[in-house]
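# What the coordinates show
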Amino acid sequence: MTTWKDPQIAGVRALLAARAPDPSAPPPTFAERRVAMDAVGEASALPNGCFHEPLTLGGVKGERVAPQGALDGRRLLYLHGGGYTIGSPRSHRPMAARIAEAARAIALVPDYRLGPEARFPGAVEDATAVYRALLDAGTDPGQIAVAGDSAGGGLAMALALSLKAQGMPQPSSYVSISPWADLTQSGASYRAKADVDPVITKPGLDQMALAYLGGLDPNDPLASPIFGDFEGVAPVLIQTGSEEALLSDSVTLADVLAHARVEVRLEVWPEMIHVFQAYGAVLNAARRAIKVAGAWMDERFA
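So, how was this worked out
- Residues numbered from 1 in each chain as written.
- Predicted model: local features only at pLDDT ≥ 70, side-chain atom pairs only at ≥ 80, totals over all residues.
- Heavy atoms only, no water.
- Helix = DSSP H or I, 4+ residues; strand = E, 2+ residues; numbered from the N terminus.
- Buried < 20%, exposed > 50% of the residue type's maximum accessible area, 1.4 Å probe, protein only.
- Contact = heavy atoms within 4.5 Å.
- Areas by Shrake-Rupley, 256 points an atom, 1.4 Å probe, with all protein chains shown as cover.
- Lys, Arg positive; Asp, Glu negative; His and termini not counted.
- Charge placed at Lys NZ, Arg CZ, Asp CG, Glu CD.
- Expected span 1.5 Å × (residues − 1).
- Phe/Tyr/Trp six-rings, centres within 6.5 Å; stacked < 30°, edge-to-face > 60°.
- Lys NZ or Arg CZ within 6 Å of the ring centre and 35° of its normal.
- Polar contact = N/O pair within 3.5 Å; in protein donor to acceptor, adjacent residues only side chain to side chain.
- Core = buried A, V, L, I, M, F, W, Y, C linked by side-chain atoms within 4.5 Å.
- Pairing = 2+ DSSP bridges.
- Axes fitted to C-alpha atoms, helices over the stretch in contact; angles between N-to-C directions.
- Patch = residues over 30% accessible without salt bridge, like charges linked within 9 Å, V, L, I, M, F, W, Y side chains within 5 Å.
- Salt bridge = Lys/Arg side-chain N within 4 Å of Asp/Glu carboxyl O.

## Side note on the overall build of the protein chain
Looking only at helices and strands, one finds 9 helices and 8 strands in the protein chain. Seen through its C-alpha atoms, the protein chain measures out along the principal axes to roughly 55 × 45 × 35 Å. Counting only residues that meet the buried cut, the protein chain has 57% of its 302 residues in that class. Residue pairs at least 24 apart in sequence account for 80% of intrachain contacts in the protein chain once pairs closer than 6 positions are excluded. Roughly 12500 Å² of accessible area belongs to the protein chain as shown, and the carbon and sulfur atoms make up 55% of that amount. Positive and negative side-chain charges of the protein chain, numbering 26 and 33 respectively, have mean locations separated by a distance of 4 Å.

## Description of helix α9 (residues 284-300)
Given a rise of 1.5 Å per residue, 17 residues ought to cover 24 Å, and the 25 Å separating the end C-alpha atoms of α9 matches this to within 8%. Every buried residue of α9 is accounted for by Ala285, Ala286, Ala289, Ile290, Ala293, Gly294, Trp296 and Met297.

## Concerning the packing of aromatic side chains
Counting across every chain of the model gives 4 aromatic pairs. Plain terms: the ring middles of Tyr84 and Tyr212 are 4.1 Å apart, the flat faces sit at 5 degrees to each other, and that makes the pair stacked. You can see Tyr84 sitting in the loop between β3 (75-79) and α3 (93-103) and its partner Tyr212 sitting in helix α7 (residues 202-213), a full 128 residues away along the chain. Both rings, one in Phe120 and one in Tyr212, keep their centres 5.7 Å apart while their planes meet at 80 degrees; by these two values the pair is edge-to-face. Here Tyr212 lies in helix α7 and Phe120 lies in the loop between β4 (106-110) and α4 (122-136), a separation of 92 residues in the sequence. The buried category is assigned to Phe120, whose relative accessible area is 8%. Since its relative accessible area comes to 1%, Tyr212 is described here as buried. One cation-aromatic arrangement involves Arg300 over Trp296; the distance from NZ or CZ to the ring centre is 3.5 Å.

## Describing the side chain of Ser91
For Ser91, the location among the structural elements is in the loop between β3 and α3. Classification of Ser91 by relative accessible area gives buried; the value is 12%. Among the polar contacts listed, one links the side chain of Ser91 to the backbone nitrogen of Ser88, at a separation of 2.9 Å. Apart from residues no more than four positions distant in its own chain, Ser91 is found in contact with Met37, Asp38 and Gly41.

## A short note on the nonpolar core
Ranked by internal contacts, the top residues of the largest apolar core, which has 61 residues, are Tyr84, Tyr174, Trp180 and Phe230. When residues no more than four places from it in sequence are discounted, the contact partners of Tyr84 are Tyr112, Leu114, Gly115, Ala123, Ala151, Gly154, Leu155, Trp180, Leu183 and Tyr212.

## Quick look at helix α8 (residues 247-259)
Helix length check: α8 (13 residues) gives 19 Å between terminal C-alpha atoms against 18 Å at 1.5 Å per residue, within 8%. Among all positions of α8, only Leu247, Ser248, Asp249, Ser250, Leu253, Ala254, Val256 and Leu257 are buried. The elements touched by buried residues of α8 are α5 (151-165), β6 (173-177), α6 (189-192), β7 (236-241) and β8 (264-269). Downstream of α8 by one or two residues, Arg261 has phi in the positive range, about 65 degrees.

## Digging into the pairing of β8
Here β7 runs beside β8; their pairing, made up of 6 bridges, is parallel. Residue pairing across strands places Thr240 opposite Val268, the latter belonging to β8.

## Regarding the sheet that holds strand β1 (residues 51-57)
Sheet architecture is open: 8 strands sit in the order β1-β2-β4-β3-β5-β6-β7-β8, paired in mixed fashion. Either end of the sheet is taken by a strand with one partner, and the two such strands are β1 and β8. If you compare each strand with its neighbour and ignore which way they point, the axes differ by 20 degrees on average. Strands in contact with α4 are β1, β2 (60-66), β3, β4 and β5 (144-149); relative to β3, the strand with the most contacts, it is inclined by about 170 degrees.

## What to know about a nonpolar patch on the surface
Taken together, the side chains of Val251, Leu266 and Val268 present a nonpolar region at the surface, about 200 Å² in accessible area. On the secondary structure map, Val268 appears in strand β8.

See below:
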């Protein structure tokens, strides 16, 4: 497909193509990619009146991002993407802020441990520790929503399983954006969408999975939540693009949740790419999707 009905996504694709690294150059290290990703996030504007500050919860450092209009006591635990190897509260500050603004909540963005320095299940342990700290501080679980993108979307689902296994109360809802929920990379879309996804490649994900898992079993539900038992977890909204290699992860995850009798809503946005919500400055579809996600959480807060 060479002609896109949405002219704005064509512009985003052109921007990504212009930023693509020289294929003849040595691939950047994880450290170099982290610096570059943080720089993009820190250079992007936040919603008017939004502020951020350092925060530590459950021994995990992170950020508190407070948009205007946040309701008292309402919290959004936001888990950033980056393939469990890159990304941070700094890189995802603008996206977390926009989603928190839409949900009328204060966002808490943990700087969870990354591979290869910290192997699986370090990220799951950190997310669970932050959630537990919120409860210990007296936060009503019905006033907590959990959201994440890409690996963070998968981590949100792993957190759901972790809370269930430990007998901890579920939050009000989950929002999983373009989730990486299958670290075996076995879905059909990894092949079917390989030529149209401008962001994700299977070899790239294979490298990240190896760095995070370090040889551990990718079929572990806390690594690949599509293999988990979700009966009893909170409602889940999944948003994904039709043109991304991770499309199968979202479709399979929705199927698993539905069979577990979980309230689940799967949205496949036509022509959109991986985590298209990050391009809200230039993409109307991104702003609409964030508004939908905010309304989903708003309706389910206690």
